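Listed below are the residues making up each chain.
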Amino acid sequence: MVDVFVPDTLDEAVGFLGHHAGAAIPIAGGTDVLVDTRTGRSAPEWLVDLSSLPGLGGVELDGEVLRLGALTRIRAVELDPELQRRAVALVEAAKVLGSVQIRTMATVGGNLCHGTPSAEMPPALLVHDAVAEIVGLGGRRSIPLAELFAGPGRTTLGPDELLTSLRARVRASSAGSCYLRQTVRWSMDLAGVGVAASVEVEGTTVTSARVALAAVAPVPLLVGSATETVVGTDLPSEVADEAGRQAAAACSPISDARGTADYRREVVSVLVPRALRIAWLRATGAWPEGVPAPVNGVWTEEDL
Amino acid sequence: MRIELRVNGDDYRREVEPDLTLLHFLRDVLGLTGTKWGCLTGDCGACTVLVDGEPVVSCLQLACQVRDREVTTVEGLETADGLDEVQAAFVSNGAAQCGFCTPGMIVAVEALLRSNPSPTEAQVRESLSGNLCRCTGYNKIVDAALQAARARLLATDIA
Ligand code: FES
Ligand code: FES
């Protein structure tokens, strides 16, 4: 039987995890952890319940910097009016995660630390240049979010370490982002391929861009080469398509129940240009505020 | 582990196993069997209850994690005058066949109407996307949800 420890403070949580290294795992929303313990995928002796620790939730904006507490519920991200304007990829990724019930329970930190390659939050946060803030017995440290992921179901966190918050860059103007996902079902499904893109512009010219992928590599992937291709252009479709080909070349998908490796690569080459174009339209103001990206990224003038 | 929580307006103090789920606490400890045990993996929604007014799947929530919070199950929706608008609309629309998904559906609709009193059909479908029904084909459930919304708006207008 699993026992549950309920710490009063972050220090107590970290101390307990360090002392029971290998035998204790943190639980917050529980939507992954309890499925894992039930199916035997993990068999901890202790669950350390973080859900009522103070100070680890909340969405705060300070200029262009978003601070997202690790215990922030996915549903809170989805419904945040400021994020709906400034971090659309994050909101679109939140919207397609699980169901309303799951989103009400699941946390941003849990979605990142479970290390699932198909998870929604990682690519959406990667394109917003997120930094992970971590606390452990050795004190605090910050790493670029990409360095958090070690492989399927694994992170680079030590057994005593906890993700406490994310810092991300969310510009209020001349910037746009988008998250698209290929799935078989729509709700309660994992991504066959997830694509996030963000674009910053001066006028209509791209000054900076990011593309990140889910479910097509052992870890969520930031695709640097695609970025270089689009910077300095007005993102015509040939350039967006070229970025798509580069993203497809950069990933290393496996074949499983959700699709073959070849199919996934093909989907990447199609969804990346669509996500980049929508992000660019949002950055230039050509995409009306509040209009969500169609699920597959295909739209006509009439949709706008 | 000792927990204190409020369920359907009543306060309970109980000693529970630390890994007991809220679902099993409600069914086996309190005898509130309206909340159904379907998949135990968060996929079917049959175990949906409200915690502090928000919909959660009680199979993925430890009872000890809801300490000091307020839980509402399908049994807690009835009013002094009988069935509430959502329950009544499920009856009058024939929105249940075997009925196994019904408590979860009703609680999920209740959660939606509390945050969005006049939802569109698309919003109803979206908010029920975590609730599986193997019998009805969903249309009558959606009809019931929309009718419940109208009935409740009307009732608040009159009041
Ligand atoms: S029993 Fe909880 S979601 Fe199925
Ligand atoms: S009425 Fe039978 S599962 Fe819905």
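Note that the structure is a prediction, hence the values are computed from the model and not measured.

Another aspect to go through is the interface of chain B and chain A. Taken together, the 28 residues of chain B in the interface contact 27 residues of chain A. Among the residues of chain B in contact with chain A, Leu60(B), Gln65(B) and Arg67(B) are the three that bury the most area, contributing 25% of the side total. Between the two partners, chain B and chain A, sit two salt bridges. A salt bridge links Arg67(B) to Asp49(A); the nearest nitrogen and oxygen atoms lie 3.1 Å apart. Where chain B packs against chain A, one counts 10 residue pairs in polar contact (both at pLDDT 80 or more). Counting residues per element, the ones that place at least two in the side of chain B that touches chain A are strand E4 (54-57) and helix H4 (121-127) of chain B. Looking at the side of chain B that touches chain A residue by residue, the class counts come to 11 nonpolar, 11 polar and six charged.

Residue and element names in this part refer to chain A. Judged by nonpolar contacts, the single largest core of 72 residues is most densely connected at Leu90, Leu112, Leu125 and Leu145. Considering each element in turn, this core owes the most residues, five residues, to helix H5 (residues 88-95). Counting residues in hydrophobic clusters, the runner-up holds 37 residues, among them Val193, Val211, Val267 and Ile278.

One turn of an α-helix holds 3.6 residues; hence residues three or four places apart share an orientation. Most of H5(A) sits out of view: seven of its eight residues are buried. Along H5(A), the residues that are buried comprise Val88(A), Ala89(A), Leu90(A), Val91(A), Glu92(A), Ala93(A) and Ala94(A).

Attention shifts here to the domain arrangement of chain A. Taken domain by domain, chain A consists of domain 1 (3-48), domain 2 (59-169) and domain 3 (175-303). The straight-line distance from the C-alpha centre of domain 1 of chain A to that of domain 3 of chain A is 35 Å.

The subject of this paragraph is the pairing of strand E10 (residues 162-169) of chain A. Residue and element names in this part refer to chain A. The buried fraction of E10 amounts to six of the eight residues, a majority that puts the element mostly inside the structure. Note that strand E5 (residues 65-69) and E10 share five bridges and pair antiparallel. Its bridge partner being in E10, Gly69 is matched across the sheet by Ser165.

What counts as what
- Residues numbered from 1 in each chain as written.
- Chains lettered and ligands numbered in written order.
- Predicted model: local features only at pLDDT ≥ 70, side-chain atom pairs only at ≥ 80, totals over all residues.
- Heavy atoms only, no water.
- Contact = heavy atoms within 4.5 Å.
- Buried area = accessible area lost by both parts, 1.4 Å probe.
- Salt bridge = Lys/Arg side-chain N within 4 Å of Asp/Glu carboxyl O.
- Polar contact = N/O pair within 3.5 Å; in protein donor to acceptor, adjacent residues only side chain to side chain.
- Helix = DSSP H or I, 4+ residues; strand = E, 2+ residues; numbered from the N terminus.
- Nonpolar A, V, L, I, M, F, W, Y, C, P; charged D, E, K, R; others polar.
- Core = buried A, V, L, I, M, F, W, Y, C linked by side-chain atoms within 4.5 Å.
- Buried < 20%, exposed > 50% of the residue type's maximum accessible area, 1.4 Å probe, protein only.
- Domains from an automatic or database assignment.
- Pairing = 2+ DSSP bridges.

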